[in-house]
Amino acid sequence: MVVEVFHADLVALEQELQEKLTVAPAFFRNAPVLMDFEHLEDAIDLKWFNDAYDMLYMHSFIPVGVVAPPDYLKQAIAKQQIAVWPSAETARKGNQSVSSRHEDSVAEQQEADTEERTVPEDQQDESGATATSAGQTVCGELVDEPQAQPTMLVLQPVRSGQKVYAKGGDLIIMAAVSTGAEVMADGHIHVYGTLRGRAFAGAQGDESARIFCKDLQADLISVAGTYLINDDLPQKFRGASVQVYLREEQLIINPL
Amino acid sequence: MAKVIVTTSGKGGVGKTTTSAAVATGLALRGYKTVVIDFDVGLRNLDLIMGCERRVVYDFVNVIRKESNLKQSLIKDKRVSDLYILPASQTRDKDTLDIDGVGRVIEELSEDFDYIVCDSPAGIERGAFMAMYFADEAIVVTNPEVSSVRDSDRILGLLASKTKRAENGQDPVKEHLLLTRYDPLRVEKGEMLSVEDVTEILAIPLLGVIPESKDVLQASNAGCPIILENETDAGQAYDDAVGRLLGEDINHRFIEVEKKGFFNKLRLFRS
């Protein structure tokens, strides 16, 4: 869960929090929260931060991290063993409706199956219900992947209802992706077969990610949250061998 | 050790039970001792298609619950020796199928039989999952229309991930595509997906193409597996498919529209 801080008035902040709490006290009890200073214009100091921390704690929140704190506070906060994330602005570009949608699926996927890098069977029923809290999606969006993972290689067709997610790296599929299937990668996606399903490159916001495919018939293609649905694919690229990339927040399709 | 074959499709009404009955009968006709199990607990049909509905005493669920033994529950076919039917229960539901029980029955049958054909219910729920879990091979029954093709695609995904073979990291389940209710005339008019369309999407080997035929319904109503009606196109197509299942190299028939040749016209004229 994220508490977005718009001003430094602690008393007013506490009041606003109290209002939220009365709506669903049980829901917020012991909820881990991030404090987001992205939109904060007032100056704050360490004492203010500590007071805010205590105030949240008193209302039975568990503060676990801060987003975009002022630079001069970063070290002091980190010393108190609280996680510090950079600004989320870069990861939030692109179409809002689709980005929230694919963040959900990223979170779902992380829950469902990240350990074994095989073709996981979709578990929409269970994970759809669990992986919807705001905290999870925001975390999924902000976590930095420090080192690149090896490229994931899939030799079997990706069938309707299946999901493949190459976390932290590229995805190469040597067969077709059926309609109703989803392929995702934090990096590029290559499909050396017909792409009929949905493809999400740059699933965690990497705008330089691209999609390459031998035969474009996709239900949906998305790079870093900006997407095109099948209906919007230009006729001349249907069935063509293409690459898809992002330029000035627009998806560009080029023949290969 | 018997080979376990599941007949499955995802979608309902495409011809799974007709296929199970025909394939099991075909295997038995070729001398393999075969049993066909109806996994559609609560909506049993296989006994009707096989024409043994009046001889059901104990069923699959009874065996799983150890209320009867296999010998009491298996129904021996009256037409073909070496062919046995294990009917589903009509009064229970699919929750009564448990993986240990089903596994035990299949293991027990394996000792006596060459082939075990599992007739899957429609859907991707418990019944279908149980039917496919122990399979060595799968016949994916598909109609030449988009919804059936998509459901088959889904089932192929499950076969690759939710079977015993997949879970134990053994060789994958061997997949066969059986295209049923195929009408070359409608394909030619563009009203139906062609063999090429379907094989291109599903990307698995083609076991056979069964032409759309009135004979199938008639045979079902009469409780006679269509493969025994060996003068019908559908019966012959099933016989070819069984041959291919056993590794024979047989040319595909009934894919093209029959050309009205000179002699056909002449015959028409004379009659």
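The rules behind these values
- In every chain, residue numbers begin from 1 and rise along the written sequence.
- Chains and ligands are labelled by the order in which they are written, letters from A for the one and numbers from 1 for the other.
- Totals for whole chains, interfaces and linings use all residues, but because this is a predicted model, local features are given only for residues with pLDDT of at least 70 and pairs of side-chain atoms are given and counted only at 80 or more.
- Side-chain metrics rest on all non-hydrogen atoms present in the structure, leaving aside hydrogens and water.
- Only DSSP runs of H or I covering at least 4 residues are called helices, and only runs of E covering at least 2 are called strands; the numbering of each starts at the N terminus.
- In this description, contact between two residues means that some pair of their heavy atoms is separated by no more than 4.5 Å.
- The rule is simple: take the accessible area with a 1.4 Å probe, protein chains only, and divide by the maximum for that residue type; under 20% is buried, over 50% is exposed, in between is partly exposed.
- By arc we mean the arc of the directions from the helix axis to the C-beta atoms, nothing more.
- For this analysis, a polar contact is any N or O atom pair within 3.5 Å, provided that within protein one partner can donate a hydrogen and the other can accept it, and provided that sequence-adjacent residues contribute only side-chain to side-chain pairs.
- Here a strand pair is declared whenever DSSP counts at least two bridges between the two strands.
- By definition, the buried area sums, over both parts, the 1.4 Å-probe accessible area that each loses when the two are put together.
- Salt bridges are defined by distance alone: a side-chain nitrogen of Lys or Arg within 4 Å of a carboxyl oxygen of Asp or Glu.
- For this classification, Asp, Glu, Lys and Arg are treated as charged, while Ala, Val, Leu, Ile, Met, Phe, Trp, Tyr, Cys and Pro are nonpolar and the rest, including Gly, are polar.
- By nonpolar core is meant a set of buried Ala, Val, Leu, Ile, Met, Phe, Trp, Tyr and Cys residues that side-chain atoms within 4.5 Å join together.
- Between N-to-C directions, angles cover 0 to 180 degrees, with each direction set by a line fitted to C-alpha atoms, over the stretch in contact for helices.
- Only residues whose relative accessible area exceeds 30% and that take part in no salt bridge are eligible for patches, with like-charged residues grouped when within 9 Å of each other and nonpolar side chains (Val, Leu, Ile, Met, Phe, Trp, Tyr) grouped when within 5 Å.
- For accessible areas, the Shrake-Rupley method is used with a probe of radius 1.4 Å. Any residue's cover is judged against the shown protein chains and nothing else.
- Asp and Glu count as negative and Lys and Arg as positive, but His and the ends of the chain are not part of the count.
- Here the site of a charge means NZ on Lys, CZ on Arg, CG on Asp, or CD on Glu.

1. Thoughts on the environment of D82 of chain B
And step 1. Considering the arrangement of structural elements, one finds D82 of chain B in the loop between β3 (75–76) and β4 (83–86).
And step 2. Setting aside anything within four residues of it in sequence, one finds D82 of chain B in contact with A28, G31, Y32, K33, T34 and K76 of chain B.

2. Let's talk about helix α11 (residues 214–222) of chain B
All names here are of chain B.
And step 1. When α11 is considered as a whole, its buried residues turn out to be V216, A219 and S220. The arc enclosing the buried residues of α11, seen along the axis, measures out at 100°, which places them on a common side. Relative to its buried face, α11 has exposed residues pointing more than 90 degrees away, namely K214, L217, Q218, N221 and A222.
And step 2. Next to the buried residues of α11 lie α1 (16–29), α2 (46–49) and α12 (233–245).
And step 3. For α11, the capping residue at the N-terminal end is S213, with a side-chain oxygen 2.9 Å from the backbone nitrogen of D215.

3. Some remarks on the pairing of strand β13 (residues 226–229) of chain A
And step 1. Of the two faces of β13 of chain A, the one lined by T226 and L228 of chain A is fully buried and the one lined by Y227 and I229 of chain A carries no buried residue.
And step 2. Linking strand β12 (residues 220–223) of chain A to β13 of chain A, which pair antiparallel, is a turn of two residues; within it A224 of chain A sits at a positive phi near 50°.

4. Concerning unusual backbone geometry
Residues and elements named next belong to chain B.
And step 1. Of note in the backbone geometry, A203 takes a positive phi value of approximately 55° without being a glycine.
And step 2. Among the secondary structure elements, A203 is positioned in the loop between α10 (195–202) and β8 (206–211).
And step 3. Residue A203 is classed as partly exposed on the basis of its relative accessible area of 48%.

5. Overview of the interface of chain B and chain A
One widely used convention gives an interface's size as the accessible area the parts lose upon coming together.
And step 1. Contacts between the two partners involve 13 residues from chain B and, on the opposite side, ten residues from chain A.
And step 2. Together, the buried faces of chain B and chain A total about 1000 Å²; carbon and sulfur atoms form 40% of this surface.
And step 3. Broken down residue by residue, the surface that chain B buries against chain A is led by R150, D153 and R154 of chain B, which jointly contribute 46%.
And step 4. Summed over the shared surface of chain B and chain A, the number is two salt bridges.
And step 5. Between D153 of chain B and R159 of chain A there is a salt bridge, with its nearest N and O atoms 3.0 Å apart.
And step 6. There are seven residue pairs in polar contact (both at pLDDT 80 or more) connecting chain B and chain A.
And step 7. Secondary structure elements with two or more residues in the side of chain B that touches chain A: α7 (146–159) and α10 of chain B.
And step 8. Of all the elements, α7 of chain B adds the most residues to the side of chain B that touches chain A, at six residues.
And step 9. Partitioning the side of chain B that touches chain A into residue classes produces six nonpolar, two polar and five charged.

6. Structural notes on the pattern of salt bridges
And step 1. A full pass over the atoms with the stated rule returns 16 salt bridges over all chains.
And step 2. For K47 of chain A, the salt bridge identified is with D51 of chain A, shortest N-O distance 2.9 Å. Pair noted here: K47 of chain A and D51 of chain A are both in helix α3 (residues 46–58), with a separation of four residues, about one helical turn.
And step 3. The class for K47 of chain A is exposed, based on a relative accessible area of 57%.
And step 4. Here D239 of chain B ties to R30 of chain B by a salt bridge, and the two come within 3.3 Å at their closest N and O atoms.

7. Topic: the nonpolar core
Residues and elements named next belong to chain B.
And step 1. Counting residues in hydrophobic clusters, the biggest one holds 49 residues, and the most contacted among them are F39, F60, L86, V102, L109, I116 and L159.
And step 2. If you tally residues by element for this core, the top one is α7, at five residues.
And step 3. Every residue in contact with L159, bar those within four places of it in the chain, is listed here: V6, M132, A138, V140, A166, V173 and E175.
And step 4. Core analysis: the next-biggest nonpolar cluster, separate from the first, contains 36 residues, M50, V117, A219 and A234 among them.

8. Some points on the sheet that holds β8 of chain B
All names here are of chain B.
And step 1. Here eight strands make up an open sheet; going across it, the order is β3-β4-β2-β5-β1-β6-β7-β8 and the pairing mixed. Among the strands making up the open sheet, the edge pair consists of β3 and β8.
And step 2. Its contacts with the sheet place α1 against β1 (3–8), β2 (34–38), β4, β5 (115–119), β6 (137–142) and β7 (174–182), and it is angled at close to 170° to β5.

9. Side note on the sheet that holds strand β14 (residues 242–247) of chain A
Residue and element names in this part refer to chain A.
And step 1. Pairing is mixed in the open sheet, where six strands are placed in the order β5-β7-β9-β11-β14-β15. Strands at the two margins of the open sheet, each flanked by one partner only, are β5 (152–154) and β15 (250–255). When strand polarity is set aside, the average angle formed by the axes of neighbouring strands in this sheet is 20°.
And step 2. With five bridges joining them, strand β9 (residues 189–195) and strand β11 (residues 211–216) adopt parallel strand pairing.

10. Observations concerning the side chain of S152 of chain B
And step 1. In this structure, S152 of chain B sits in helix α7.
And step 2. Ignoring anything within four residues of it in the chain, the contact list for S152 of chain B reads S9, V140, V141, T142 and L202 of chain B.

11. As for the environment of I211 of chain A
Residues and elements named next belong to chain A.
And step 1. Along the chain, the position of I211 falls in strand β11.
And step 2. Considering only alpha carbons, one finds I211 and I221, ten residues apart in sequence, at a separation of 8.0 Å.
And step 3. Excluding anything up to four places from it in sequence, I211 contacts I189, L195, A199, A201, I221, S222, V223, V242, Q243 and V244.

12. Details of the pairing of β15 of chain A
Residues and elements named next belong to chain A.
And step 1. Taken together, the six bridges between β14 and β15 define a ladder with antiparallel strand orientation. Within β15, the position partnered with R247 by the bridge is Q250.
And step 2. Following β14, the chain reverses through two residues before pairing antiparallel with β15; E248 in that reversal takes a positive phi of roughly 50°.

13. Observations regarding a negative patch on the surface
And step 1. On the surface, D9, E16, E19, E41 and D42 of chain A cluster together into a patch of negative charge.
And step 2. If you trace the backbone, E19 of chain A turns up in helix α1 (residues 10–23).

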